[in-house]
Amino acid sequence: MVLILTLVAGGIVFFLSALAVDLHDQGLLALMVLILLWKLDRLPRLGLGRIAFLTVAGFLLLRYLFWRTFTTLGFDDSLSFLASLLLYGAECYGLSMWFLSAVTNACPIRHSRRPQVSIWPSVDVFVPTYDEPVEIIKLTLTAVKALDYPPHLLKVYLLDDGATLAKRCAPNLAAARVALERYTTLKALCRKLGVTYLTRPDNALAKAGNLNAALQHAHGELIAVLDCDHVPAVDFLKQTVPHFADPKVFLVQTPHFFVTPDPIEKNLRLFDRMPAENAMFYQAVQLGMDFWNASFFCGSAAVLRRKALDEVGGFSGQTVTEDAETSLKLHAKGWRSVYLNQPLVAGLQPETFASLVRQRMRWAQGMVQLFLLHNPLRLKGLAFGQRLVYFNCAWFWFFPLARVVFLLAPLAYLLFGLKIYDANLKEIAAYTLPYLATLLLSAEYLFGRVRWALISEFYESMLSLFSFKAVVSTLKNPKTPRFTVTPKGERLDNDFISPLATPFYALLFLTSLGFIFALWRWQMLPQERSMILLTGIWNLVNFLILIASLGALYEQRQRRLYPRLPVANLPARLEFGQQSFPVRLRDVSVGGSNLMDVSMPLALEEQGYLSLEHPVLRCPLSLRVKIVDQSLKNKSVSVCFLPASLEEYRALVLLVYGDSQRWQMMLTKRQRDIGIVHALRILLACGFRQAAEHFVALWKFVLWRKENYVPVFKPRTRSSLEHDRPSGRIGLAFGEAYECARAHSITPPG
Amino acid sequence: MSAPEPIRLRHQADEYTLSLPIPDRWQVKSARLTLDFVHSNALIAKRSQLRVQINGLTVGQWRLDPNSPKRLETIAIPSEFLVPGYNELRFSAAQHYTEDRCEANTSPELWTEINPTTSFLKLEYAMVPPLLSLTQLNQVFDKKLPQAEIALLFPNLDLSEQELAIGSLIAQGIGLRLEYAPFRFNLAQAKSQPAERIHLALPQDQDAVLIGTRAHLAPFLDPQLISHIAGPYLGLFTNPQAPAQALIIVSGTTTEEVHQAALAFALMRFPVPDAQETVISKLNIDPEPGSSALQPNRTYTLAQLGFTTASRQGLVPPPIEFEVYLPADAFAPEEAEVVFELHLAYNAGLRQDSLLEMRINGIFERALQLPEVGGAHYRNYRISIPLRTFRPGRNRVSFHPLLVPQISGECIFFNTESLKVTIYEDSQVTVPPFSHYVELPDLSLLARAGFPYLASSDGSGIGVHLLDRKPETILSSWQLIAQLARLNQAPLSKITFSLAEPNAPLDWIVVGQDLQKFAALFPNTSVHLDRPKIFSYPTSLTPVAPQAWWRAVLFLPELAELKPRPVHIAQTGSLGRFAIGLSFKHPILPDKLITAFLAETELYPAIAQLTRPELWPQMQGDLLFWRKEDNSVLWQRTTERFYRGSAQPSLRLIFHFARHPWQWLGVALAVCLLLAWLLHRQLKRYKQRHHPDAEETAP
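Note that this is a predicted model, so its numbers are computed, not measured. (Residues numbered from 1 in each chain as written. Chains lettered and ligands numbered in written order. Predicted model: local features only at pLDDT ≥ 70, side-chain atom pairs only at ≥ 80, totals over all residues. Heavy atoms only, no water.)

### With respect to the overall build of chain A
What counts, and what does not: Only DSSP runs of H or I covering at least 4 residues are called helices, and only runs of E covering at least 2 are called strands; the numbering of each starts at the N terminus. Two things to know: the radius of gyration comes from C-alpha atoms, and the globule rule equals 2.2 Å times the number of residues to the power 0.38. Buried means the residue's accessible area, taken with a 1.4 Å probe over protein chains only, is under 20% of the maximum for its type, while exposed means over 50%, and partly exposed covers the values in between. Any two residues whose heavy atoms approach within 4.5 Å at even a single point are treated as in contact. The Shrake-Rupley method, run with a 1.4 Å probe sphere, supplies the accessible areas, and residue values consider only the shown protein chains as cover.
Broken down by element type, chain A carries 24 helices and 21 strands. Relative to the compact-globule value of 27 Å for 750 residues, chain A shows a C-alpha radius of gyration of 28 Å, a close match. Counting only C-alpha atoms and orienting by the principal axes, one finds that chain A spans roughly 85 × 80 × 55 Å. Among the 750 residues that make up chain A, the fraction classed as buried is 61%. Taking the intrachain contacts of chain A between residues at least 6 apart in sequence as the baseline, contacts between residues at least 24 apart amount to 80%. For chain A, the computed accessible surface area is about 29,900 Å², with 62% contributed by carbon and sulfur atoms.

### A closer look at the state of the cysteines
The test is simple: Throughout, disulfides are identified as pairs of cysteine sulfur atoms within 2.5 Å of each other.
Within the structure shown, the criterion is met by zero disulfides over all chains. Here Cys92 of chain A stays free of any disulfide, with the sulfur of Cys672 of chain B as its closest cysteine sulfur at 20 Å. Between Cys393 of chain A, a cysteine without a disulfide, and Cys298 of chain A, which holds the nearest cysteine sulfur, the sulfur-to-sulfur distance is 8.8 Å.

### Brief notes about a positive patch on the surface
All names here are of chain B. To keep things clear, this is the line we draw: What makes a patch is a set of residues exposed beyond 30% relative accessible area and free of salt bridges, joined within 9 Å when like-charged and within 5 Å when nonpolar (Val, Leu, Ile, Met, Phe, Trp, Tyr). Between Lys or Arg on one side and Asp or Glu on the other, a salt bridge is scored when a side-chain nitrogen of the former is within 4 Å of a carboxyl oxygen of the latter. Counting rule applied: Lys, Arg positive; Asp, Glu negative; His and chain ends not counted. Charged side chains are reduced to one point each, which is NZ for Lys, CZ for Arg, CG for Asp and CD for Glu.
Positive charge collects at one region of the surface, where Arg681, Lys684, Arg685 and Arg689 lie side by side. Locating Lys684 in the fold gives a position in helix α12 (residues 661–690). Residue classification places Lys684 among the partly exposed residues on the basis of a relative accessible area of 48%.

### Some points on a nonpolar patch on the surface
A surface patch of nonpolar side chains, amounting to about 410 Å² of accessible area, comprises Leu425, Trp522, Leu533, Ile537 and Val541 of chain A. Looking at the nonpolar patch, the element that brings in the most residues is helix α20 (residues 529–552) of chain A, giving three residues.

### Quick word on the sheet that holds strand β8 (residues 257–258) of chain A
Keep this limit in mind: Any two strands with at least two DSSP bridges between them are considered paired.
Ordered in space as β6-β11-β8 (chain A), the three strands form an open sheet in which the pairing is mixed. Of all the strands in the sheet, the pair left with one neighbour each is β6 (231–232) and β8 of chain A.

### Comments concerning the packing of aromatic side chains
Where we set the bar: Aromatic rings from Phe, Tyr and Trp, taking only the six-membered ring of Trp, are treated as a pair when their centres fall within 6.5 Å; an angle between ring planes under 30 degrees marks them as stacked, one over 60 as edge-to-face, and anything in between as tilted.
Scanning all chains against the criterion turns up 57 aromatic pairs over all chains. Their ring planes at 85° and their centres at 6.2 Å tell us that Trp363 of chain A and Trp397 of chain A sit as a pair that is edge-to-face. Taken as a pair, Trp363 of chain A in helix α14 (residues 353–373) and Trp397 of chain A in the loop between α15 (384–396) and α16 (399–416) lie far apart in primary sequence, 34 residues in all. Note on Trp26 of chain B and Tyr125 of chain B: the rings are 3.7 Å apart at their centroids and 15° apart in plane angle, and the pair reads as stacked. Taken together, the positions of Trp26 of chain B in strand β3 (residues 26–39) and Tyr125 of chain B in strand β9 (residues 120–127) put the pair 99 residues apart, joining distant regions of the chain. Residue Trp26 of chain B is classed as buried on the basis of its relative accessible area of 11%.

### Some remarks on the nonpolar core
What counts is decided by this rule: What we call a nonpolar core is a set of buried Ala, Val, Leu, Ile, Met, Phe, Trp, Tyr and Cys residues that are connected through their side-chain atoms within 4.5 Å.
Counting 153 residues, the largest nonpolar core has Ile264, Phe353, Ile420, Tyr421 and Phe458 of chain A together with Trp664 of chain B as its most contacted members. Not counting the four nearest positions on each side in its chain, Trp664 of chain B is found in contact with Leu16, Leu19, Val21, Asp25, Gln26, Leu29, Phe59 and Arg63 of chain A together with Phe657 of chain B. By size, the runner-up hydrophobic cluster in this structure holds 116 residues, among which are Leu9, Leu110, Leu134 and Val464 of chain B.

### Notes on unusual backbone geometry
Cis geometry is found at the peptide bond from Leu440 of chain B to Pro441 of chain B, where omega equals -5°. With respect to the secondary-structure elements, Pro441 of chain B resides in the loop between β29 (435–440) and α6 (443–449). Cis geometry is adopted by the peptide bond preceding Pro452 of chain B, which originates at Phe451 of chain B and carries an omega value of 5°. Looking at the element boundaries, Pro452 of chain B is found in the loop between α6 and β30 (462–466). In the Ramachandran plot, Ala206 of chain A falls in the positive-phi region, its phi being about 50° despite a non-glycine side chain. Among the secondary structure elements, Ala206 of chain A is positioned in helix α8 (residues 206–215). Even without being a glycine, Ala301 of chain A presents a positive backbone phi close to 60°. Mapped onto the elements, Ala301 of chain A comes out in the loop between α11 (279–291) and β9 (302–305). The buried category is assigned to Ala301 of chain A, whose relative accessible area is 0%.

### Some points on the interface of chain A and chain B
The parts lose accessible area when they come together, and the size of an interface is often stated as this lost area. What counts here: Note on residue categories: nonpolar means Ala, Val, Leu, Ile, Met, Phe, Trp, Tyr, Cys or Pro, charged means Asp, Glu, Lys or Arg, and polar means any other residue, Gly included.
With 58 residues of chain A at the interface, the matching set in chain B holds 50 residues. Where chain A meets chain B, there are three salt bridges. Put simply, Asp693 of chain B and Arg113 of chain A hold a salt bridge, and the shortest N to O gap is 2.7 Å. Those elements that place two or more of their residues in the side of chain A that touches chain B are α1 (2–18), α2 (23–41), α3 (47–71), β1 (109–110), α11 and α17 (425–447) of chain A. With twelve residues, the single largest contributor to the side of chain A that touches chain B is α2 of chain A. For the side of chain A that touches chain B, the class distribution of residues is 35 nonpolar, twelve polar and eleven charged. With two bridges joining them, β1 of chain A and strand β40 (residues 695–696) of chain B adopt antiparallel strand pairing. Looking across to β40 of chain B, one finds that Ile109 of chain A is bridged to Glu696 of chain B.

### Looking at the sheet that holds strand β4 (residues 196–198) of chain A
Residue and element names in this part refer to chain A. Note the following rule: Interaxial angles span 0 to 180 degrees and are taken between N-to-C directions of axes, which are lines fitted to C-alpha atoms, for helices over the stretch in contact.
Taken together, seven strands build an open sheet; the order of strands is β4-β3-β2-β5-β9-β7-β10 and the sheet is mixed. Two strands lie at the open edges of the sheet, namely β4 and β10 (336–339), each paired on one side alone. Strand-to-strand twist of the sheet, defined as the mean angle between neighbouring strand axes without regard to direction, takes the value 20°. Those strands touched by α8 are β2 (123–129), β3 (154–160), β4 and β5 (222–225), and its axis lies near 145° from that of β2.

### Let's talk about the side chain of Ser80 of chain A
All names here are of chain A. Condition: Between N or O atoms, a polar contact is any pair within 3.5 Å; within protein, one atom must be a potential hydrogen donor and the other a potential acceptor, and residues adjacent in sequence are included only when both atoms are from side chains.
The topology assignment puts Ser80 in helix α4 (residues 78–104). You can call Ser80 buried: its relative accessible area is 1%. A polar atom in the side chain of Ser80 sits 3.0 Å from the backbone nitrogen of Lys419. Ignoring anything within four residues of it in the chain, the contact list for Ser80 reads Gly417, Leu418 and Lys419.

### Digging into the pairing of strand β36 (residues 593–599) of chain B
The side chains of a regular strand alternate between the sheet's two faces. All names here are of chain B. Most of β36 is tucked away: seven of the seven residues are buried. On β36, burial covers both faces: Leu593, Thr595, Phe597 and Ala599 on one face and Ile594, Ala596 and Leu598 on the other are all buried. With seven bridges connecting them, strand β35 (residues 579–585) and β36 associate as antiparallel partners. Looking at β36, one finds that Ile580 is bridged to Leu598.

### A closer look at the confidence of the model for chain B
Applied cut-off: In predicted models, pLDDT denotes the confidence assigned by the predictor to each residue on a 0 to 100 scale.
When pLDDT is averaged along chain B, the result is 88, and 92% of the positions lie at 70 or above. Looking at the elements of chain B, mean pLDDT is at its lowest for helix α9 (residues 549–553) of chain B, recorded as 59, and at its highest for strand β32 (residues 507–512) of chain B, recorded as 96.

See the structure below:
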């Protein structure tokens, strides 16, 4: 009965959405709806209030869609019509995403009660690797071996795809030598750590193939998958495994928590100031997906049931996002998943924008493949909610197509006079502005604490210029994309402009030109001023996004392999010979720490001991340290750790990564809803500041070119092993180059 | 002579043209034109003059002397210059402020004004007897006559319902021939008076129509003439007592044949047959008559709308105009647009600020710039006008050229010959889809389009109820029907006249002077004409609603809203010399309308006054008050309104919500919140089933 009533009410709402009432009726409705949404935003974002918000907002958006469809698509000329259709398509895409997102996020849930476990199942931990630095692998394996789990039930495997037989026997002798060296090093490391080292003859099916090859050697009831840069906290298994008490659960996924900023956060210096870019997915969307039993495997930080995997023949590898593909198949078989919103692993983000683009292109290609090869709307066995959620996740990755249109659409009118949007000022006030306001308000409502306003637009606009081609090529040939590994653990010794900046220069130039044309049109075509105003403001938004993008494309150096993490002023004692004094740890990494309250001068390179009560192991810990830097003004000293044994190293790793509560605190600290305007102000301020630095660097580069000195600018990147990096120029190391150029110009030729 | 607009002649050379109608049956004996005019005292007499032309021939001229700028001049116009038809009376001024230097053409001191109320043309004329041929009917009832007065003669004034219908057809035939010209009828009983062939006492100064069956007319016509009435009969004769006056005989062997003859009289507006008498043997009317109204979702060429290719020349030439007729109940969503695709051309040598102003009913809507110096020819120049810009009924679409020569300035020859623009008749008008849905009562719809009475073009939807049989009441009903026939541009042959209670499923026009009977028939009208009388008094007739704050926020225009708040006062007294018009929903028949025209005295003069071109368009609201000598009507909106039409439910809702925006808001939000509640229940149930241990959380 309720269902019938719901369908009837839905039908009426749909009918009213399509009702082309007079403009003043629409204006009144829009205004009142916006006030209502604003009021609802002040209430707890749960239950009936949440559904009311989404329904009312959806109604207004649907009204916009109908108006847009039946009123604004006039035919003036072929080019204008084509441009207006492209824009209309992009808007339809955006609206479809809104509605899918509303369904997905209608009722987010959390599993606050952990089921009781009497008999713990056996667990195999898979740590797949390809070309990551040995230091990172060692760190992760050490943390995995230290997991709080009955040792006889825990078996750890390093799945090395970087030293497969094919790679060791590669025709390129240098590459073969590197692979062989890696093989020897990692095998020795595994033997030392008590980890089973596995490799295979070749690299077929990439990560999925690697995992499937390991399945033949492993026999545990559960499989935990951790990327080799994902360091687990000690309670990773204790928190996740109990959820397998439900025999239908095939997956317990936890968030990917990153202790390093992504390149955009890093370059804009927004890390720690705003929620992480992935927080929206892991802290909000996954909770909504979990409600629909559609939370899916994200490739790492998850535990899976072996029996379920065997039922579908292991990990699927038809697409380059094997994780989502495998989950989709298992959900279709009736298995259930659980999303545990508790950060239990600490990972590393890509260091450069190029690496980020590479990662996101793979995701985009994979999800487009999923859309084409296993369309969730057609796949048998899925529930209605699951279909929508999976469709939402795959459909999202078409955003590059829409974003490129949104970037270019105002220019189509301003530069070429193409009539892309047939509406007058009153219609814009009654339909378009409320539509935009509703989009902003609902983004704020659903994700305000985990994603600030316009951050999505900013990231998507930056990535879309590169993902566009990837999506189109996948659409043309869905089976072509190959798995590419995201580089991790890069160290950048200098600041440089990303080599991917070129299209942004071009767009910035065109957008600036758009303003000139807007002024010209304003003078010459007074009858089109509503259109000029609309596209002009739109162009301004694009301009600001592009400026901020240039800021984000000025890559900041990253010299540390191990990120320093805050430890909340942990008390300790620093001992040098007979001297001993109390200190507090400001931050700590596996490499070293920054100590506070040190007022007496210390000799650099002097070695001593740092003693403290281990917060995870709950026992005294004494670590050998060396002074590397001191600031008497700040009463601080930097030390590097010199662990003497594997046990010390393990204790150090647990000190840094063992406590999952710290991750939760870090995450909570970053999650704050500061409102649309404030968020925008911060983003623009950071973007403009960094963009200024970008332009200064660019100006210097121009000056050098005038002096006929054109060095090959590359960032100095370091890692312990050679990586399979993208070929070609990586970046422009202006800092270094400037120094060289200055030296060169001072010295007279000859 | 009087004209509704001031006559101003400006610039170096200007002219003003009046149309001077001379009826075909007038023979002008003499004409004297008296002009009262004032001109600028900055003009120089030597070069400035005012000239009067009749049909292009100069009949008088005056030097404009700055020493005597106020002038009263009289000239005699040779009578032979004034011919039957429309004569062109033109005033041309040549105005200069300097003798020997070049001067600015548009200098503000170059002006002359003719006072339109104190200037006059005095004509002396004689009536010419009509030619005794039915082809002359259009000349007998000539729209060029300043005020036609026609006597309608019946052998017996105790008219039956069928005779009332016949009388209305005669009235329509006369009204249609006179087009826009005012007219009045006299209803009289035919009285015999010996004369040759026609033994009838007739008014000396009026044309007359004698109506009756052969038997009834036998006492008035000689046997030979009677013998000609062998079926539906029409004959044109002269008044035996006043040969300049015409007498039309409408007869037949039976009342049905008389009806048929009357219908033929109303229809025969084409000059055949060329005979004094005719007997109609058969009369076929297309059962589905065509309509001149625009149909939804159709494309018309301007030629189909009666427009022929037109060119204009000069700086500010007269506009290029045509009419479109929009059904009075046409209703479409706000964004529905009428699209004009113009086929036009303009000459080379125009300055870039030359343009063509498009006006709908005199209101500026769009401008077409004519920017090409080398001239241009446009096909399908698109102009979109919202359908709601058009009024119900006739709409005048006009294009006003403002043409400027490329080379202009002091002492430079203005090539006005090249200032030309043409609009072609194959230009198209595309009408958007619309429905027929309207809010009633609204007397403005009756005024503009005869709605709802002309919903069917043969009048089959009209019922006319007479409260009494007084001649004034009968004439009033005929006058009103003739007015409706004019709006319809065709006779309404299927009108139902009723003296019984008006309960047939028709839209009724109630006319009469028996106010007691009216009050008994319709006790619930907003104005009670019983004793004591209850009159409606407007406390705020046309207040403008204060600007709604939400409209200001959305940059929407201020809506001038008519918010009548009538008070009703029961009191003694009477209507006196006032007539009232009252429109309201039929108390029994759903969706049917009653419009009553009532007066205690002087009903017919008041109705005749109401149907004059200056009063009729003023009708609006649902309650009218006016007197026979008034030039304006007082109106109010007093009664409950209702919707009528056959629109889709969605359009009905749009129509309703356009008038009740808060209801729209309430309904939309209520349904959304209901849906939200239902969805929430469903989700809650789903959660209990699938995630009993999980908690809802807000990320």
